[in-house]
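Each chain is listed here by its residues.
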Amino acid sequence: MTSFTYDQFVAFGSDSAGLERILRGLQSLTSILISAPSLVALALSTPDPPILLALNPLRNIIGLVRRFLRFFWFLNSFGQSYNLYATLPSATSDRKPHGAGLETWLDIVRFTLLGLYGGLESLTLPDLLFIPPLSAFGTERTRQLNVEAQRFWFLALACGVLGNLVRIIKAFAYAPVPQHGAGYGTGEVPKPAGENGVVNGGGGITPIGTPVGTPNGKKRHLEEKSPRYNGHAEGDEKLDWQAERARLRAIVMKRREHRKRWRRNIAVTVRMLGRRVIADSLDTVIPGVILGWYDFRPGTVGVVMLVTTVLTSRDIWDRCGESVKAKRGLV
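What counts and how
- Residues numbered from 1 in each chain as written.
- Predicted model: local features only at pLDDT ≥ 70, side-chain atom pairs only at ≥ 80, totals over all residues.
- Heavy atoms only, no water.
- Helix = DSSP H or I, 4+ residues; strand = E, 2+ residues; numbered from the N terminus.
- Buried < 20%, exposed > 50% of the residue type's maximum accessible area, 1.4 Å probe, protein only.
- Phe/Tyr/Trp six-rings, centres within 6.5 Å; stacked < 30°, edge-to-face > 60°.
- Polar contact = N/O pair within 3.5 Å; in protein donor to acceptor, adjacent residues only side chain to side chain.
- Contact = heavy atoms within 4.5 Å.

Asks: Explanation requested: unusual backbone geometry in the structure shown.
Replies: Glycine aside, the phi torsion of most residues is negative, and most peptide linkages are trans. Although it is not a glycine, Ser 45 adopts a positive phi angle of roughly 55 degrees. Relative to the elements of secondary structure, Ser 45 occurs in the loop between helix H3 (37-44) and helix H4 (51-69). We note that Phe 130 has phi near 55 degrees; this positive angle belongs to a residue other than glycine. According to the relative accessible area criterion, Phe 130 is exposed, its value standing at 67%.

In structure tokens, the structure reads:
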């Protein structure tokens, strides 16, 4: 049987999003090599290797193939935006808007902007084939539309960064509140009055074991004064203290375990959200350079593109791993 990593890589390469990430990584590598031809010459031990002439056309072809893979992704973005908006409680609804936080509205705006970005890219795709009968906008208008698409992408990335930062803050702010009152830290429900006793004639509670009909358990009180009974009482008292210590120790251990589990969940959530924040923040360099808002060299943009490709591929890689586990019956 093939190894788990092999099957996971096959699933990653067969997935459209995973394949797009692979091509994005190759495109970033070609950008880095184009900006540093001396590295290619040093690696090939040739002053002017012919492969340098093929890198720029190769990068353009890879970018075009990536656009074909993303051709219908804008529909998914618009669909996610609409579904998020449709799940929000209306003003006349009795439900409290628990899911209508700031991060939800930022996600709605982000997916809408991503839909506009992807829609403009798909709209100008025939013009990038450089086949005159298929051209709809012309070279100059196509360039302008692609620049506007980058503007939508930049704003979508900014919304993604803000939304994930809000989620990180809420992950720390909404810590589990400890239980208080009777049954503190145990989850036990306090027993109602009278469950361990019977109602006496005066309306009070007489403990079980007290002879009913004796005023305030007077007979039992007299029995407690006997030496024989006092010996049993001292032994029972020691047992009660030991049982109480064991109960309190169990409560403390249960609360510690609950706290550790919460910290582990917070660590996983913050790590995932932090990775997205870093990736989206770095990705703003790409549209920012095209829009003229940032001033970075092409090699720097290629390095940023490669780093963000690795960061954004992690979620897809994990998802493919889960699918492989499901096929192997490991879940």
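Asks: I'm lost on the packing of aromatic side chains in this one. Help?
Replies: Aromatic ring pairs: the centre-centre distance and the angle between the two ring planes describe each pair. Evaluation of the coordinates by the stated rule reveals eight aromatic pairs. The interplanar angle of 65 degrees and the centroid separation of 5.6 Å between the aromatic rings of Phe 12 and Trp 317 together place this pair among those described as edge-to-face. Here Trp 317 lies in helix H12 (residues 298-328) and Phe 12 lies in helix H1 (residues 4-14), a separation of 305 residues in the sequence. On the accessibility criterion, Phe 12 (7% relative accessible area) is buried. By way of ring pairs, the aromatic residues Phe 154, Trp 293, Tyr 294 and Phe 296 are connected into one cluster.

Asks: So what exactly am I meant to see when it comes to the side chain of Thr 309 here?
Replies: Considering the arrangement of structural elements, one finds Thr 309 in helix H12. The exposure class assigned to Thr 309 is buried, which follows from its relative accessible area of 4%. At 2.8 Å, the side chain of Thr 309 and the side chain of Arg 24 are in polar contact. If sequence neighbours within four positions are ignored, Thr 309 has contacts with Arg 21, Arg 24 and Gly 25.

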